[in-house]
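The primary structure of each chain is shown beneath.
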2 protein chains.
Amino acid sequence: MSDPVRIAVTGAAGQIGYALLFRIASGAMLGNDQDIELKLLEISPAMDALRGVVMEVEDCAFPLVKKVITTDQPEVAFEGVDIAMLVGSRPRGPGMERNDLLAANGAIFTAQGKALNDQAAKHVKVLVVGNPANTNCLIAQHNAPDLDPANFTAMTKLDHNRAVAQLSHKVQAAVGDIEGLAIWGNHSSTMFPDLLGATINSKPALDAVSQAWYEEDYIPSIQQRGAAIIQARGSSSAASAANAAVEHVREWVSGSERVTSMGVFSKGEYDTTDGLIFSYPVTVSNGVHKVVENRELNAFAQAKIKATEAELIEERDTVAHLL
Amino acid sequence: MSDPVRIAVTGAAGQIGYALLFRIASGAMLGNDQDIELKLLEISPAMDALRGVVMEVEDCAFPLVKKVITTDQPEVAFEGVDIAMLVGSRPRGPGMERNDLLAANGAIFTAQGKALNDQAAKHVKVLVVGNPANTNCLIAQHNAPDLDPANFTAMTKLDHNRAVAQLSHKVQAAVGDIEGLAIWGNHSSTMFPDLLGATINSKPALDAVSQAWYEEDYIPSIQQRGAAIIQARGSSSAASAANAAVEHVREWVSGSERVTSMGVFSKGEYDTTDGLIFSYPVTVSNGVHKVVENRELNAFAQAKIKATEAELIEERDTVAHLL
């Protein structure tokens, strides 16, 4: 048994946090042989609720959990952490414009970026789940100049899983038979679910479906799935988001030869603007994510990627004073 | 890969159900090589919410999940099931007396017992989580005369885990160093957390703590933990209950040489009334639970066991017309 891995989770008493903690604590993220310490951050008004959540974690008697601390101070939460899962963010309230939302979250992720810079392990792996995830991640990354930008990622794994599941359902193939699918760009309604590089049982996915279905049904349905869940459940995705976060970190730590999707610090791959947090097809080896090279992109795909890139540039410019 | 295991979950859109489904679907209960089918039961007014939950299960693209069906008919939910997790029950409403509660749940578990009898696989493993769990289980069992009474169990694993965790915290031992601890009787405030047969690193647990702490702090704190969680969280235990349900079934299916706690159909072991669903220390081998024999019980323990037995007899007599 190696030393405990220190894992910070923000927004730990929220709906995604509640779905996430027990999966992490049970070993689903880092395996059944890896001890862990949980460092849970919440806003001050949620500390009582967080205490209740921690009582339930205790009530599971998880053998891997060596320590749980709770705090409303990012500097405390991120001290020495190996993994930071930034789940908490300010949700969009009634009448709130996108710019208000970016500003409210800007303050949170500026503070958390600085605290990560000063307190986290230099190798810390940061996953931003809280929306707008890519730009929140960009703000945190910019406020952590001593950390490698590659340490900062935003979650598009939920979109990736949705895209795999819906293709699987459409063609009646097992999810394991689908490879190479990827989400490009922003975790928002402009994201581009790319089937051009995807295969089903090693045959091109786009041979199995019509271009009309792909463009008119599939892509919009992935882009708007979050809203569909809210309509059906009466609240936003929690357990499926938590599951995606577990898988994102698991693949980042344990490796993934299969193509997955992550929002990563762009170095300008595929002619996108560098310095954005941009979702690409990636593989992971030895704890390092790597954008898949030489994917074929036709004019349709390029236009979709440009559209989601444009949105990310606009978001970046809105928070330029925080960068 | 063997044939899918068919798992029914009732109350699948409730708080425990929501915490439970994703852990089952991810392989946490039956392992990463066991395909599963989920058969989800809800009351008619919750079918829309259940649809939202199923959308989220789909959005995880779990490779093990081969099929998910939803229904408000127990006969459909239990058709051919190998495992039935009866999570849904009528919670106690304002002004509701215990007898009202037993009556309301009596109707549910009578119908579900009959449906299990008629529809489930003969080897079905039934776990009742919904409260009052022991007596709900008794009603279901009595209404399924064609099934082996040993197939019916009620959950005291959450109490068991709470008892392990609190002892572990008190003596600063790893949870894995604690063995032999058990919960006796009813899943209610009369339950008896028994340390007499427990060891910490193979030494008697009761040598490590005072009898006063055991009787005056520890036992009441386990008995009243559910209420403490409600007070802290503002809602009842969900993720920790789901975790206990996962572990109960996992140990039942995969075996447990370590002593655990299960409410099982009593054959009168330890001079308790036979035919109750009574929590005992058990071990599990080849899918069969077995009450641990020859546990030492002093006068204190015997009195506690009699008290929880008396409550179970009273509950049984209240629902005698359903048996």
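Residues numbered from 1 in each chain as written. Chains lettered and ligands numbered in written order. Predicted model: local features only at pLDDT ≥ 70, side-chain atom pairs only at ≥ 80, totals over all residues. Heavy atoms only, no water.

Chemist: Explain the domain arrangement of chain A here, please?
Modeler: As a measure of interface size, the accessible area lost when the parts come together is often cited. Residue and element names in this part refer to chain A. As assigned here, chain A comprises domain 1 (2-154) and domain 2 (157-322). Across the contact, 34 residues belong to domain 1 and 34 residues belong to domain 2. Taken over both partners, the interface formed by domain 1 and domain 2 buries close to 2700 Å², and the fraction arising from carbon and sulfur atoms is 68%. Of all residues in domain 1, Lys125, Asn134 and Leu138 bury the most surface against domain 2, accounting for 21% of the area lost on that side. Linking domain 1 with domain 2 are ten residue pairs in polar contact (both at pLDDT 80 or more), by the criterion used here. Broken down by secondary-structure element, the contributors of at least two residues to the side of domain 1 that touches domain 2 are α1 (15-25), β4 (83-86), α4 (98-119), β5 (125-128), α5 (133-142) and β6 (152-154). Element by element, the count of residues in the side of domain 1 that touches domain 2 is highest for α5, at six residues. Counted by class, the side of domain 1 that touches domain 2 contains 20 nonpolar, eleven polar and three charged residues. (Domains from an automatic or database assignment. Contact = heavy atoms within 4.5 Å. Buried area = accessible area lost by both parts, 1.4 Å probe. Polar contact = N/O pair within 3.5 Å; in protein donor to acceptor, adjacent residues only side chain to side chain. Helix = DSSP H or I, 4+ residues; strand = E, 2+ residues; numbered from the N terminus. Nonpolar A, V, L, I, M, F, W, Y, C, P; charged D, E, K, R; others polar.)

Chemist: Before we go on, may I ask you to explain the confidence of the model for chain A in this structure?
Modeler: It should be kept in mind that the predicted coordinates are not to be read in detail where pLDDT is low. Across chain A, the average pLDDT comes to 96, with 100% of residues at or above 70. The ipTM assigned to the predicted complex is 0.96, against a pTM of 0.96. (pLDDT = per-residue confidence, 0-100.)

Chemist: Hey, could you run me through the sheet that holds strand β7 (residues 178-179) of chain B in this one?
Modeler: Each strand in a sheet pairs with another by means of backbone hydrogen bonds, the pair being arranged parallel or else antiparallel. Residue and element names in this part refer to chain B. Ordered by their spatial adjacency, three strands build an open sheet running β7-β10-β11, and the pairing between neighbours is antiparallel. The sheet is open, and its two edges are formed by β7 and β11 (203-204), each paired on a single side. For strand β10 (residues 199-200) and β11, the ladder comprises two bridges, and the chain directions are antiparallel. Bridging across to β11, threonine 199 finds its partner in proline 204. (Pairing = 2+ DSSP bridges.)

Chemist: Explain helix α10 (residues 299-318) of chain B here, please?
Modeler: Because the α-helix completes a turn every 3.6 residues, residues three or four places apart line up on one side. All names here are of chain B. With 20 residues, α10 extends 29 Å between its outermost C-alpha atoms, agreeing within 8% with the 28 Å of an ideal straight helix rising 1.5 Å per residue. Of the residues making up α10, those classed as buried are Ala301, Ile305, Thr308, Glu309, Glu311, Leu312 and Glu315. One side of α10 holds all its buried residues, which, seen down the axis, span an arc of 155°. Residues of α10 that are exposed and point more than 90 degrees away from the buried face comprise Ala299 and Glu314. (Expected span 1.5 Å × (residues − 1). Buried < 20%, exposed > 50% of the residue type's maximum accessible area, 1.4 Å probe, protein only. Arc of directions from axis to C-beta.)

Chemist: Sorry if this is basic, but what is going on with the relation of the copies chain A and chain B here?
Modeler: Taken together, a rotation about one axis and a shift along it account for how the two chain copies relate. If you rotate chain A by 180° and push it 0.0 Å along the axis, it lands on chain B with an RMSD of 0.0 Å. The superposition operator between the copies reduces to a two-fold rotation axis. When C-alpha distances to the rotation axis are compared across chain A, the minimum falls at A:Ala19, with a value of 3.3 Å. In this assembly, 100% of the residues forming the interface of chain A have copies in chain B that are likewise at the interface, indicating an isologous arrangement. (Least-squares fit on C-alpha atoms with pLDDT ≥ 70 in both.)

Chemist: Looking at this structure, I do not really get the nonpolar core. What am I missing?
Modeler: General note: in soluble globular proteins, nonpolar side chains tend to be found buried as a group. Membership of the largest hydrophobic core comes to 77 residues, with the highest contact counts inside it found for A:Ile7, A:Val9, A:Met85, B:Ile7, B:Val9 and B:Met85. If you tally residues by element for this core, the top one is helix α1 (residues 15-25) of chain B, at eight residues. Dropping the residues within four chain positions of it, B:Met85 is found in contact with B:Ile7, B:Ala8, B:Val9, B:Thr10, B:Leu20, B:Ile24, B:Met29, B:Leu127, B:Ala245 and B:Val249. A:Leu167, A:Trp184, A:Val209 and A:Leu276 belong to the second-largest nonpolar core, a separate cluster that totals 38 residues. (Core = buried A, V, L, I, M, F, W, Y, C linked by side-chain atoms within 4.5 Å.)

Chemist: When you look at the pairing of strand β3 (residues 65-71) of chain A in this model, what are you seeing that I'm missing?
Modeler: Within a regular beta strand, the side chains point alternately toward one face of the sheet and then the other, so they alternate between its two faces. All names here are of chain A. Sheet topology places strand β2 (residues 36-41) next to β3; six bridges connect them, and they run parallel. Across the sheet, lysine 39 pairs through a bridge with isoleucine 69, a residue of β3. In terms of handedness, the path from β2 via helix α2 (residues 47-58) over to β3 forms a crossover that is right-handed. (Right-handed = clockwise from strand over helix to strand, strands pointing away.)

Chemist: I would appreciate a short explanation of the pairing of β5(A) in the present structure.
Modeler: All names here are of chain A. Across the two faces of β5 the burial is the same, with Lys125 and Leu127 and Val126 and Val128 all buried. Examined bridge by bridge, β4 and β5 share four bridges and lie parallel to one another. Residue pairing across strands places isoleucine 83 opposite lysine 125, the latter belonging to β5. Read as a crossover between parallel neighbours, the route from β4 over α4 to β5 is right-handed. Bridge analysis of β5 against β6 gives three bridges, and the strand direction is parallel. Bridging across to β6, valine 128 finds its partner in alanine 154. Taken together, β5, α5 and β6 form a β-α-β motif whose crossover is right-handed.

Chemist: For this particular structure, what's the right way to read α4(A)?
Modeler: All names here are of chain A. Taking 1.5 Å of rise per residue, 22 residues should cover 32 Å, and α4 covers 31 Å from first to last C-alpha, within 8% of that figure. Within α4, the axis deviates most sharply at glycine 106, by approximately 25°. The complete set of buried residues in α4 reads Leu101, Leu102, Ala104, Asn105, Gly106, Phe109, Thr110, Gln112, Gly113, Ala115, Leu116 and Asn117. (Bend = angle between axes of the 7 residues up to and from the residue.)

Chemist: Looking at this structure, how should I read the pattern of salt bridges?
Modeler: Pairing is possible between side chains of opposite charge, provided their charged atoms come close. Tallied over the entire structure, the rule returns 24 salt bridges over all chains. With a closest N to O distance of 3.1 Å, A:Arg162 and B:Asp59 form a salt bridge. Note that A:Arg162 is positioned in helix α6 (residues 157-171) and B:Asp59 in the loop between α2 (47-58) and β3 (65-71), a pairing that runs across two chains. In terms of burial, A:Arg162 and B:Asp59 fall into one category: buried. Residues joined by salt bridges that share partners form a network here, namely A:Glu58, A:Asp59, B:Asp159, B:Arg162 and B:Arg225. (Salt bridge = Lys/Arg side-chain N within 4 Å of Asp/Glu carboxyl O.)

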